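Structural description and commentary
Each chain, letter by letter, is given below.
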Amino acid sequence: QVQLVESGGGLVQAGGSLRLSCAASGSIFIMGWYRQAAGKQRELVATITRGGFTNYADSVKGRFTISRDNAKNTVYLEMNSLKPEDTAVYYCSVRANLGGTTYWGQGTQVTVSS
C-alpha cells in the first residue's frame, strides 16, 4: 500500500509563494496535484511523469511549477504569484504504472488572502 505525506500548505498574501511537497513510500510512474475549493469539484492542477513530462491546468500555467526527485520519490509544487482563487485544499496523487491504482494524500490547505 502506498503512503503519501504532504506538507507545505499555509496562509499567504496574494502575490506570494508557497512550495508543497509530497513524499511517496514506493516507486511511482506519475505524480501530481489536484485541488478542491470550498463548494467546487476537485480539479487537476499539474502532473509529472518519471521522465519529467509535465501537464498543467490553464489556470496555473506560468505561475506554478511541478517537479520531482525520483531518488527521494517526492513531488513538489512551487506556487508563485498566488491569487485568492488559488485557495483550496491541495491533494497529492500518485500512480505506480499505467494500469495501477491511484493513491491520494490527506490534503493540505492553501489559503491566499487579498
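Heads up: these notes are all about the structure in this document. (Residues numbered from 1 in each chain as written. Predicted model: local features only at pLDDT ≥ 70, side-chain atom pairs only at ≥ 80, totals over all residues. Heavy atoms only, no water.)

Describing the packing of aromatic side chains
Applying the stated criterion across every chain yields a total of 1 aromatic pair. Between Tyr34 and Trp104, the aromatic rings sit 5.1 Å apart at their centres with planes inclined by 65°, giving edge-to-face as the arrangement. With Tyr34 in strand β4 (residues 30-36) and Trp104 in strand β10 (residues 102-104), this pair connects stretches of sequence that are 70 residues apart. Of the residues examined, Tyr34 reaches a relative accessible area of 22% and is grouped as partly exposed. Here the guanidinium or amino end of Arg19 rests over the ring plane of Tyr76, the centre of that ring lying 4.0 Å away. If you follow Arg42 out to its NZ or CZ, it ends over the ring of Trp104, 4.9 Å from the centre. (Phe/Tyr/Trp six-rings, centres within 6.5 Å; stacked < 30°, edge-to-face > 60°. Helix = DSSP H or I, 4+ residues; strand = E, 2+ residues; numbered from the N terminus. Buried < 20%, exposed > 50% of the residue type's maximum accessible area, 1.4 Å probe, protein only. Lys NZ or Arg CZ within 6 Å of the ring centre and 35° of its normal.)

Some thoughts on the environment of Thr49
Mapped onto the fold, Thr49 is located in strand β5 (residues 43-49). Classification of Thr49 by relative accessible area gives buried; the value is 16%. Distance from Thr49 to Gly32, taken between C-alpha atoms, is 8.6 Å for residues 17 residues apart in sequence. Every residue in contact with Thr49, bar those within four places of it in the chain, is listed here: Phe29, Ile30 and Arg68. (Contact = heavy atoms within 4.5 Å.)

Quick notes on the state of the cysteines
All chains considered together, the criterion is met by 1 disulfide. The disulfide bridge from Cys22 ends at Cys92, spanning 2.1 Å between sulfur atoms. In this structure, the disulfide formed by Cys22 and Cys92 twists by about -85° around the S-S bond and is classed as left-handed. With Cys22 in strand β3 (residues 18-24) and Cys92 in strand β9 (residues 88-95), this pair connects stretches of sequence that are 70 residues apart. Accessibility classification places Cys22 together with Cys92 in one group, the buried group. (Disulfide = S-S within 2.5 Å.)

Any functional reading would require information beyond the geometric quantities listed.
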